[in-house]
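Chain by chain, the residues:
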Amino acid sequence: MATHLNATPPPDAAPPSRGPATPGRTVNFKVRRCDGPGKPGRWETFAVTVERGSNVISCLQQIAANPVTVEGTRTTPVVWDSGCLEEVCGACTMVINGKVRQSCSCLIDNYAPGEGDTITLEPMQKFPVVRDLWVDRSRMFSALRRLKTWVPIDGTYSQGAGPKETPDDQEIRYKLSECMTCGCCVDACPQFLLEPDPARWETSFVGAHAVSLARLFNEHPTGRTLAPHRLEVLSGHGGINDCGNAQNCVKVCPKHIPLTESIGQIGRAVTVHQIKKIFFARPDPHAAAKGPG
Amino acid sequence: MATDKRVIVVGGGLAGLAAAVRLAEAGTPVDMFSLVPVKRSHSVCAQGGINACNEVARQQGYSEYEHFDETVYGGDFLADQHPVLEMANWAPRIIDLLDRMGVPFNRTSEGYRDLRLFGGSLFKRTHFSGATTGQQLLYALDEQTRRYETEGKVSKYEFWEFLWPVVENNRVVGIVAQDLRTMQVRSFRAAAVVMATGGCGLVYGKSTNSIICTGAANSRAFQAGAWYGNPEMIQVHPTAIPGADKLRLMSESARGEGGRVWVPRKKGDARAAKDIPEAQRYYFLEERYPAYGNIVPRDIATREIFAVCVNDGMGVNGENSVYLDLTHKDPDYLTRKLGGILDIYQKFVGVDPRFEPMKIFPAVHYSMGGLWTTFTKGSYNPAGPIPKHKSGSPAPIGSAIGQGMQPGAPNNAMTNVEGLYAFGEANFGYHGANRLGANALLSCIFDGLFCGQSVQTYIKIADTSAAPQSLFDAVVRQEESKAAAFTSTVSKGQPTPENNPYQIHKELGVEMTAACTVVKSEPRLRQAQVKVDELRDRFARVQLGDAATWTNQTLAYTRAVGDMLVLADAIVKGSLQRKESRGAHYRTDHPDRNDAEFMKATVAKFNPADRSVSVGLMDIDASLIEPTARTYGKKP
Ligand SMILES: Cc1cc2nc3c(=O)[nH]c(=O)nc-3n(C[C@H](O)[C@H](O)[C@H](O)COP(=O)(O)OP(=O)(O)OC[C@H]3O[C@@H](n4cnc5c(N)ncnc54)[C@H](O)[C@@H]3O)c2cc1C
Ligand code: SF4
Ligand code: SF4
Ligand code: FES
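Remember, predicted model here, so these are calculated numbers, not experimental data.

Trainee: Pulling in residues and values, what's your account of the nonpolar core?
Mentor: Residue and element names in this part refer to chain B. Within the largest apolar cluster, 113 residues are counted, with the highest numbers of intra-cluster contacts made by Val203 and Met512. Sort the elements by how many residues they give to this core and helix α15 (residues 553-577) lands first, with 11 residues. What Met512 contacts, discounting residues up to four positions off in sequence, is Val203, Tyr204, Thr517, Val532, Ala568, Ile571 and Val572. By size, the runner-up hydrophobic cluster in this structure holds 106 residues, among which are Leu17, Ala192, Phe423 and Ile459.

Set out below in structure tokens:
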């Protein structure tokens, strides 16, 4: 049962290595900068001395401490987002050498093994830039509110244990539940477009991560009670029909979440939901309680 | 009962989220502040699991009482005992609740929650979700909070930084915070404020913590009048991967699942691990602690590893590292139980620990110390403390709630500032001089749920609505001028190594790691005090490289460095004050525990007039268990 969980190969972490990396070498970081929303973009390049095991964040830290470009111009420290530094919080996503991924787990030895190699850093494309490499991903969390991705428990008072679960089912739910809302899947998705206006998020594509979390909660015995609501949202504007099946999402997910499988499953559930709606018209009790967006 | 009195929760890790859910459920509107979207809080890093007595262990002789006893013993008799009892009694209920919220706990083949062994216990009592338990618990509470957010009961202020509490006559009436994007500074009123702001690993430069764990928020509450308890009690975790930017943790669960720690018997043996035959491997923890073996508590494992490497020079290849070996276990089993952390090792070291032993070394991990808090004792009050519980024997009392702490008493987990609470790692309670693995997640959620109820009772009696606006405005001005003073330094030219905030932080981390971790001594601590004084002095002339009025991360970072220096001062002074060895605090010049003088909390206070830190001793609640020597059956 668990075999399909790793059906997708891990995203290729790096271009093929060109031989052993030299410690103490200099690597250039070409960084896409922007001082704030509506401000013009520019490129700046910094030379950083890298040690064995350096990653993009440790290099950005070095740049922050002494922000001087290769031309010798003093500039402001680069702004970026990060947290755990071990690829579990999802904060540090950016576009590195043209590919979206976490920067904390991006080892320089793999990306730039040679003296004078260059690494390009850009912000994610599908989210409004706050400053430099930091983008505003609140649209992703808004999709989770829209889809009510939670288990509607009665309350926090003691009521005994939750439902029993087989190890196979646990393994599937655990895999889906590892989504760290990092945004790689939506940044790589041709159907997910930049939308800075929060008023339009209600009708814009929710993205693969949200579809997959809807599946997660539809699988849970108590979470399932909200399945009609989730499927209703997913059958409307910005729902499952917006997915063009390009399958880019699954290739870039750092947690190897079986996103296309989730999309397929939700697609089928939405079809069943719509047929049921035609034959047994029953209003969605939760449809009225919409989030603040 | 619904109320229009609002509560501010600073921090959206496990402690803050549990508090928000509890309060929102009771009808209280919550304003939640966090440096990051709460789903990215540091709790996401927790790996190994969460402890609670359970039916299987119970039938083998375990009990909530034994969990309590282990925690007090593990903390070397420094924790107030009644709160620990209440927490242990609540633990099974917390697991059940998380289970109902949909946490994918690992399962047995029959579908029950699986259990693993963890440090400081002879029973399997740790519940887990792969090797990313903290992530899974955080997500469950994040989802519940999002539900209340959708219903309008929780308002989130993410990417907002708490700057200062607003205090009127030793009672908190609100906070001042800054939007880290627009840089707007503003005040917020509240009937109570919960600090659920986590630990302070960044004071040591590199640690196992997330890079937002500066402890700055706690330091600010401290500077504004809250006391700070047991600052010197910093846990150094025995097993982490050394790294350039972070020391990534290899969870205790690796040892709980059978991982063995060893070095070659022959000093400097240059052979690869797999070429060293069994008889030529020195499993030093197993040999020295036959009963607990590799799962002795953290402070002990850390000191033994330190001794083997630093004192005896027996580290692998003469370096500061030992093997943590899982290669004797089935690789599929390992993937199922420990996949998350094995991936981290593989990703960052490039070696697959299923087939090659990991190389690890201790790293700063957790702060037992934190904001000092009080409580109301519950109903269990024996005539005097009773002897330590014999493992597996019947418990003297049952596990009914209310025996440890009085449920809903307004002062539970309250600091000395009225209405200002400290939950989770920010709270100095429960763990004493050393925290047992998988007890932190428990204490965080327990604080949120149990002490959250206390906040609810407190706000019924507290009315802060009359606090004058001028008070709030004054704190806003104080924080604005602090920020302006920092950014105005940019025009003075380039930072030099002398006044560069990154350099000051780096030197602080190096000094604190050298002087204030595994082994401490009076002369070395005095030297550290001189260094911290020097850094505080240099910080007064700190110079920034960014004057931006939009998303100025340098400003936020620099401000936090200043607050870390104050915490460091408290850590050094607490370490000097405690002239004994207890739990994580080991003084080579006072190697023994001294209960007569030091079975007391060190309590740091801040003097705003000259910005100095002083440390005194305060009695603790040791009324339930008699102290005994904490040996874990070490062979002489
Ligand atoms: C790698 C690792 C593994 C661990 N594994 C385990 C384990 O297996 N079992 C276990 O029991 N414990 C474990 N621990 C310990 C445990 O994870 C932590 O003690 C616990 O998660 C702390 O939770 P918290 O809610 O107190 O704080 P955190 O999760 O640290 O959250 C702090 C919150 O405060 C906010 N905040 C901080 N400062 C400010 C400010 N100035 N303004 C606004 N917001 C602010 C942050 O944004 C964040 O939301 C582990 C720790 C580490 C480092
Ligand atoms: S499969 Fe759908 S969600 Fe995934 S990248 Fe393609 S269009 Fe986007
Ligand atoms: S599904 Fe994967 S890529 Fe998408 S947000 Fe979640 S973890 Fe990131
Ligand atoms: S910093 Fe958390 S994923 Fe990179």
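Trainee: Tell me about the site of ligand 3, and name the residues and values.
Mentor: Around ligand 3, the neighbouring residues are Met140, Cys179, Met180, Thr181, Cys182, Gly183, Cys184, Cys185, His209, Cys253, Pro254 and Leu259 of chain A. Among the residues making up the shell around ligand 3, the classes are represented as nine nonpolar, three polar and no charged.

Trainee: Give a description of the sheet that holds strand β3 (residues 50-51) of chain B that names residues and reports values.
Mentor: Residues and elements named next belong to chain B. One open sheet holds the three strands; their spatial order is β3-β5-β4, and the pairing between them is antiparallel. Lying at the two open borders of the sheet, with one neighbouring strand each, are β3 and β4 (115-116). Here β3 runs beside strand β5 (residues 126-127); their pairing, made up of two bridges, is antiparallel. Counterpart to Asn51 in the pairing with β5 is Thr126.

Trainee: Requested: an account of the pairing of strand β1 (residues 26-34) of chain A, with residues and values cited.
Mentor: Residue and element names in this part refer to chain A. Examined bridge by bridge, β1 and strand β2 (residues 41-49) share nine bridges and lie antiparallel to one another. Across the sheet, residue Arg32 finds its bridge partner in β2, namely Trp43. Bridge count for β1 against strand β5 (residues 118-122) is four bridges, and the pairing is parallel. Within the sheet, the bridge partner assigned to Asn28 lies in β5 and is Thr118.

Trainee: Describe the interface of chain B and chain A, naming the residues involved and giving the relevant values.
Mentor: Taken together, the contact between chain B and chain A spans 66 residues of the former and 70 residues of the latter. Where chain B abuts chain A, roughly 5,900 Å² becomes buried across the two surfaces, and 53% of that area is made up of carbon and sulfur atoms. Across the contact surface, chain B and chain A share six salt bridges. Arg107 of chain B is paired through a salt bridge with Glu165 of chain A; the nearest N and O atoms lie 3.9 Å apart.

How each quantity is defined
Residues numbered from 1 in each chain as written. Chains lettered and ligands numbered in written order. Predicted model: local features only at pLDDT ≥ 70, side-chain atom pairs only at ≥ 80, totals over all residues. Heavy atoms only, no water. Core = buried A, V, L, I, M, F, W, Y, C linked by side-chain atoms within 4.5 Å. Buried < 20%, exposed > 50% of the residue type's maximum accessible area, 1.4 Å probe, protein only. Helix = DSSP H or I, 4+ residues; strand = E, 2+ residues; numbered from the N terminus. Contact = heavy atoms within 4.5 Å. Near = heavy atom within 4 Å. Nonpolar A, V, L, I, M, F, W, Y, C, P; charged D, E, K, R; others polar. Pairing = 2+ DSSP bridges. Buried area = accessible area lost by both parts, 1.4 Å probe. Salt bridge = Lys/Arg side-chain N within 4 Å of Asp/Glu carboxyl O.

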